[in-house]
Amino acid sequence: MTKLSPPRHSGVIRFRYDSDDSQASSGGSERNMRVLVVEDEKKTAAFVRKALQAEGFAVDVCHNGDEAWAGALTTPFDAIVLDIMLPGRDGLSLLRQLRQHSIATPVLLLSARGEVNERVDGLNAGADDYLPKPFVLAELVARVRALGRRGGESKPAVLQVADLRLDTLTRRAERRGVLIELTAREYRLLEFLMRSAGQICGRMAILEKVWDYSFDPGSNLVDVNVMRLREKIDADFEPKLLHTVRGLGYVIKEPS
Amino acid sequence: MLLVALLATGALAYYELVIEARPQAQGAQPAGKSAKEPAPADIIEIAMFCSIIPAVALALAGGWWVMRRTLAPVTALTQAAEQMNEHNLGTPLPRTGSGDELDRLTEVFNAMTARLNSAFARLREFTLHASHELKTPLTVMHAELENWLRDDRLATEQRQRVESQLDEIQRLAKIVDSLTLLTRADAGQVVLGREAVRLDDLLREALADAESLSQPAGVTATLEACDEVTILGDRHRLRQLLLNLCDNAVKYNQPGGKVTLELHRADARAELRISNTGRGIPPEVLPKVFDPFFRGDASHSQAVEGCGLGLSIARWIVTAHGGTIRIASEPGGLTSAIVGLPVPVDADRQKTS
């Protein structure tokens with residue numbers, strides 16, 4: 001289980017692996033998850049394999065679509081990480097074929113182009129999630145884990161990290177009983193970060209899930225909104241919960 | 001046609017002259033003959049003349065028709081050459097197949113456009129492949145640096161270098177994404193949605209983004225006018241357009257400055273205007289602002305983040321929606337991006353369907 005080291009200075013944390021994670025929320029079933037990684041670029045495939053193995057997943061790697069098709073037919077995987085551009089059968093055709101054969105294994109698509117058409121095509125073809133390249137490895141791992149959990153547990157209505165509470169039904173946020181006023185955008189941002197508490201959220205992922213932008217606007221929209229949100233939830237309280245992971249993104253987490 | 005009409009009038013005038021001159025001529029003739037009876041010579045004369053007129057007219061019309069028919073391929077060639085641009089080079093002109101000089105000219109013309117077309121296609125292919133090929137090493141580099149950050153033994157200074165490199169990789173990835181989008185758009189590979197979109201709703205949403213962007217920059221963003229407008233278009237791309245323009249209006253502003261958003265509807269047209277205070281754009285560089293990688297004067301561009309493709313993308317989104325975009329600027333005064341978009345008369349009805 002990945003864990004983040006405690007913050008060293010305001011808002012910015014350094015990020016490293018920590019093997020003895022007492023907060024690990026993952027159950028035993030996740031640890032035994034079997035994942036198929038389909039990626040023709042050998043180095044990328046190796047990185048993804050290593051990162052997933054570090055999470056305790058069993059990982060199989062295929063470098064082309066035909067091999068992957070044969071593998072997916074014979075082995076019941078818990079999740080598939082699928083690159084779109086592949087030699088032989090491309091990712092989208094493979095995905096369509098899987099769905100036609102009623103193989104409902106959750107699929108995370110990887111694509112070199114962060115194109116909206118490709119995302120829509122992928123989701124239409126039956127993908128469960130989509131990640132444009134270059135992706136944050138930690139985020140890929142988090143999304144694969146979420147795919148494995150899919151359907152297993154229902155979304156809680158009240159989210160809580162330390163003494164920060166967010167009621168998703170009344171859309172009320174409070175910390176230590178003090179009501180925090182949020183704009184619509186800040187609320188969605190906080191909900192997204194709290195639903196993935198403890199996991200790094202990359203800027204692209206935040207733009208996609210909170211703003212529904214699948215393009216990079218080339219602006220610091222995410223950063224300024226995170227800063228405003230931090231003002232509201234962290235400025236008057238201790239400990240700080242919303243952290244910047246330099247070069248990668250943001251995370252909400254309870255200090256360990 | 002005019003010529004035929006002229007000839008007919010001339011003939012009529014000649015005929016009248018002959019008939020009217022007749023009584024005088026008859027008077028001079030011997031009394032044995034009836035005054036009412038025309039002379040055989042006159043009948044021949046009239047008959048001959050009457051047949052000349054249609055013959056001449058027919059010959060002229062025929063000549064005109066033959067000429068038109070002969071020159072038709074030339075006209076077609078001229079029109080085709082006029083309409084030719086980099087997007088329709090692939091459509092060859094229809095050939096007559098007669099093997100004459102004009103047919104040969106069409107053949108040569110088609111061969112020339114085909115060569116140009118393949119040159120353009122190769123250029124686009126190259127850019128598409130290049131962007132894919134660039135993304136792969138970027139992904140590997142990103143993953144490698146990310147793994148590096150996980151190493152506890154990394155000293156703070158090294159850590160900062162790695163983090164800064166990660167930022168640069170993400171910036172490069174953005175440029176590659178934008179270039180891919182522009183290339184694909186140019187190649188006609190980007191399909192735009194066409195649904196009823198409330199432009200005023202999108203603008204209010206963009207205002208929220210503009211406000212959050214402008215606050216740290218010490219700039220205030222206001223919505224000055226917002227008529228209700230429904231257009232047919234791609235919601236996603238229109239949001240991208242608005243954010244692009246708002247982002248520019250904040251970036252090229254000054255502390256204490258203003259960003260104003262306006263949306264007006266005039267009959268079949270929506271006019272969107274996003275203005276900002278700031279240094280303004282000198283008139284001589286205005287025509288270049290939509291060019292890829294153009295970022296105003298060099299000294300200023302260093303201070304402004306971005307890849308210089310935003311306005312190129314904005315222009316593509318607007319033209320793909322059948323609209324127009326221009327920038328008006330008074331140096332030191334207000335700089336405005338003015339977007340005109342067509343409003344279909346039945347857009348409001350389509351919204352409910």
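Residues numbered from 1 in each chain as written. Chains lettered and ligands numbered in written order. Predicted model: local features only at pLDDT ≥ 70, side-chain atom pairs only at ≥ 80, totals over all residues. Heavy atoms only, no water.

S.K.: Break down the nonpolar core for me, with residues and values.
M.R.: Counting 76 residues, the largest nonpolar core has Leu190(A), Leu193(A), Ile206(A) and Leu245(B) as its most contacted members. A per-element tally of this core places helix α6 (residues 235-251) of chain B first, with 8 residues. Each of two domains, domain 2 (122-186) and domain 3 (195-349) of chain B, supplies a minimum of three residues to this core. Counting residues in each nonpolar core, the second largest holds 24 residues, with Leu52(A), Leu131(A), Leu140(A) and Val141(A) among its members. (Core = buried A, V, L, I, M, F, W, Y, C linked by side-chain atoms within 4.5 Å. Buried < 20%, exposed > 50% of the residue type's maximum accessible area, 1.4 Å probe, protein only. Helix = DSSP H or I, 4+ residues; strand = E, 2+ residues; numbered from the N terminus. Domains from an automatic or database assignment.)

S.K.: If you had to explain the sheet that holds strand β3 (residues 58-62) of chain A to someone new, which residues and values would you point to?
M.R.: Within a sheet, neighbouring strands are paired by backbone hydrogen bonds and run either parallel or antiparallel to one another. Residues and elements named next belong to chain A. The 5 strands are arranged β3-β2-β4-β5-β6 in an open sheet whose pairing can be described as parallel. Each edge of the sheet is formed by a strand with only one pairing partner; in this case those strands are β3 and β6 (129-132). The average angle at which neighbouring strand axes cross in this sheet is 20 degrees, direction not considered. As defined by bridge partners, strand β4 (residues 79-83) adjoins strand β5 (residues 107-111) across 4 bridges and the pair is classed as parallel. Among the inter-strand pairings, leucine 82 is bridged to a residue of β5, identified as leucine 109. Helix α4 (residues 91-100) contacts β4 and β5 of the sheet and is inclined by roughly 150 degrees relative to β4. (Pairing = 2+ DSSP bridges. Axes fitted to C-alpha atoms, helices over the stretch in contact; angles between N-to-C directions. Contact = heavy atoms within 4.5 Å.)

S.K.: Lay out the environment of Asn220(A) in plain terms, naming residues and giving numbers.
M.R.: Residues and elements named next belong to chain A. Counting through the fold element by element, asparagine 220 comes out in the loop between α8 (203-211) and α9 (221-234). Asparagine 220 gets classed as partly exposed once you look at its relative accessible area, which sits at 43%. Separated by 12 residues in sequence, asparagine 220 and lysine 232 have C-alpha atoms that sit 19 Å apart.

S.K.: Just give me the short version of the pairing of strand β2 (residues 34-38) of chain A, but keep the residues and values in it.
M.R.: All names here are of chain A. Burial within β2 is extensive, with 4 of its 5 residues counted as buried. Strand direction decides the pairing type here: β2 and β3, joined by 5 bridges, are parallel. Looking at β3, one finds that leucine 36 is bridged to aspartate 60. With respect to chirality, the unit in which β2 leads through helix α2 (residues 42-54) into the neighbouring parallel β3 is right-handed. (Right-handed = clockwise from strand over helix to strand, strands pointing away.)

S.K.: Can you lay out the pattern of salt bridges for me, pointing to particular residues and giving the numbers?
M.R.: When the charged atoms of two side chains lie near each other, side chains of opposite charge can form a pair. A full pass over the atoms with the stated rule returns 35 salt bridges over all chains. One salt bridge connects Asp83(A) with Lys133(A), and the closest N-O pair in it is separated by 3.4 Å. Of the two residues, Asp83(A) is situated in strand β4 and Lys133(A) in the loop between β6 and α6 (137-149); the sequence distance between them amounts to 50 residues. Both residues of the pair, Asp83(A) and Lys133(A), count as buried. The shortest N-O distance in the salt bridge between Glu174(A) and Arg172(A) comes to 3.4 Å. Overall, the relative accessible area of 42% leaves Arg172(A) in the partly exposed class. Connected through shared salt-bridge partners, Arg198(B), Asp200(B), Asp201(B), Arg204(B) and Glu228(B) make up one network. (Salt bridge = Lys/Arg side-chain N within 4 Å of Asp/Glu carboxyl O.)

Just geometry here; none of it tells us what the structure is for.
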